[in-house]
Amino acid sequence: MTNHDHDRALELIMRRGTEDIAAADSAWLDSHLESCSECAEYAADFEQTGRLLQTVAVTASGALVSATQMKVRERALYLQEQQARVVLIAISFCLGAMSSAISAWLWWKFGAWVAERLGLSQAIVQPGIMVFLVLPAVVIAVLMLAFPHPVAEGPWRAALAREREGRNQ
Ligand SMILES: [Zn+2]
C-alpha cells in the first residue's frame, strides 16, 4: 500500500461526506478501509464529527441565532465608534496644535518685547514661553489617548443595536 493510496482514501472520505462520488471510487474506498485501520479510524472520526456538527446546527435555536447576530452588530457599532473617536482625537489635536502655534507666536513676540523692556536675556524668556504654551495641547492629547474607551458601554450600545435592528426591519 502506498502513501498515494492513503491520500486518495482521505480525499474520498472528505468528499463522500459532502458530495456524491463515483460508485467505483466508493467501492475502492470501502476495500481500502477494510484493509487499512489507520484510514478506517480517520473515516470513523470524520463521520462522527459530521454528525456532531449536524446536531449542533439543528439545536441552534432562533434565540441563539439572534443573540449571535446582536453580538456581531454590537461589535460593528463599537468598531465604528472607535474609528470616529480616532478621527475626533486627530482633529482636536490639530486644532489644539494650531491655536497653540498661533498664540505661541504672539506670546513669543510679546515675550521679546517684555524681555527687551526689562533687559532680560531672550535666550531664557522665549523658550520658556514656548514650553508653557505648547503644554496644554500635549496634556489634552495625552489625556484623550489615555481614556480611549467610549463612555457609552454595554447596555446603552445594546439598546442602540436593538433600535437600529427595529428600524431596519
Ligand atoms: Zn490507508
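Not measured: the values here are computed from a predicted model. (Residues numbered from 1 in each chain as written. Predicted model: local features only at pLDDT ≥ 70, side-chain atom pairs only at ≥ 80, totals over all residues. Heavy atoms only, no water.)

Draft legend 1. Looking closely at the overall build of the protein chain. When its secondary structure is counted, the protein chain shows 6 helices and 0 strands. Overall, the protein chain shows an N-to-C arrangement of helices and strands of α-α-α-α-α-α. Across the 169 residues of the protein chain, 20% fall into the buried class. A total accessible area of about 12,500 Å² is found for the protein chain, and carbon and sulfur atoms account for 66% of it. (Helix = DSSP H or I, 4+ residues; strand = E, 2+ residues; numbered from the N terminus. Buried < 20%, exposed > 50% of the residue type's maximum accessible area, 1.4 Å probe, protein only. Areas by Shrake-Rupley, 256 points an atom, 1.4 Å probe, with all protein chains shown as cover.)

Draft legend 2. Highlighting the coordination of the zinc ion. Surrounding the zinc ion are the protein donor atoms His-6 (ND1), His-32 (NE2), Cys-36 (SG) and Cys-39 (SG), at 1.9 to 2.4 Å. Here the zinc ion binds 4 donor atoms, and the angle range of 100 to 114° at the metal identifies the geometry as tetrahedral. For the zinc ion, the donor residues sit on a single chain with the sequence spacing H-x25-H-x3-C-x2-C. Separated by 33 residues along the polypeptide, His-6 in helix α1 (residues 3–18) and Cys-39 in helix α3 (residues 37–59) bring together distant segments of the chain. (Donors = N, O, S within 2.8 Å, 3.2 Å for Na, K, Ca; no water. Tetrahedral: all angles 85-135°; square planar, octahedral: opposite > 155°, others 65-115°.)

Draft legend 3. Focus on helix α2 (residues 23–35). For α2, which comprises 13 residues, the first-to-last C-alpha distance of 19 Å matches the rise-based estimate of 18 Å (1.5 Å per residue) to within 8%. Buried within α2 are the following residues: Asp-25, Ser-26, Leu-29, His-32 and Leu-33. Down the axis of α2, the buried side of the element spans an arc of 125°, and every buried residue falls inside it. Exposed and facing more than 90 degrees away from the buried side of α2 are Ala-23, Ala-24 and Glu-34. (Expected span 1.5 Å × (residues − 1). Arc of directions from axis to C-beta.)

Draft legend 4. Seen up close, a nonpolar patch on the surface. A contiguous nonpolar surface patch, about 500 Å² in accessible area, is contributed by Val-131, Leu-135, Val-139, Leu-143 and Phe-147. You can call Val-139 partly exposed: its relative accessible area is 43%. (Patch = residues over 30% accessible without salt bridge, like charges linked within 9 Å, V, L, I, M, F, W, Y side chains within 5 Å. Salt bridge = Lys/Arg side-chain N within 4 Å of Asp/Glu carboxyl O.)

Draft legend 5. Fine view of the packing of aromatic side chains. This structure, assessed with the given rule, holds 2 aromatic pairs. The lysine or arginine in question, Arg-8, covers the ring of Trp-28, its NZ or CZ lying 4.1 Å from the ring centre. (Phe/Tyr/Trp six-rings, centres within 6.5 Å; stacked < 30°, edge-to-face > 60°. Lys NZ or Arg CZ within 6 Å of the ring centre and 35° of its normal.)

Draft legend 6. Main features of the packing of α1 against α2. At a minimum axis distance of 10 Å, the contact between α1 and α2 shows a crossing angle of 120°. The angle between α1 and α2 falls in the class oblique. Handedness of the α1/α2 crossing: left-handed. Only Asp-25, Ser-26, Trp-28, Leu-29, Asp-30, His-32 and Leu-33 of α2 make contact with α1, whose side of the interface consists of Asp-5, His-6, Arg-8, Ala-9, Leu-12, Ile-13 and Arg-16. (Axes fitted to C-alpha atoms, helices over the stretch in contact; angles between N-to-C directions. Parallel < 35°, antiparallel > 145°, perpendicular 65-115°, else oblique. Left-handed = near helix turned anticlockwise from the far one by under 90°. Contact = heavy atoms within 4.5 Å.)

Draft legend 7. Examining the environment of Ala-104 more closely. Checked against the element boundaries, Ala-104 lands in helix α4 (residues 62–118). Along the chain, Ala-104 and Val-131 lie 27 residues apart, while their C-alpha atoms are 9.0 Å from each other.

Draft legend 8. Structural context of the nonpolar core. Ranked by size, the top nonpolar core spans 9 residues in total: Ala-9, Leu-12, Ile-13, Ile-21, Leu-29, Leu-33, Cys-36, Cys-39 and Ala-43. For this core, the secondary-structure elements that each account for two or more residues are α1, α2 and α3. Sort the elements by how many residues they give to this core and α1 lands first, with 3 residues. Beyond its immediate stretch of four places on either side in the chain, Ile-13 contacts Leu-29, Leu-33, Cys-39, Tyr-42, Ala-43 and Phe-46. (Core = buried A, V, L, I, M, F, W, Y, C linked by side-chain atoms within 4.5 Å.)

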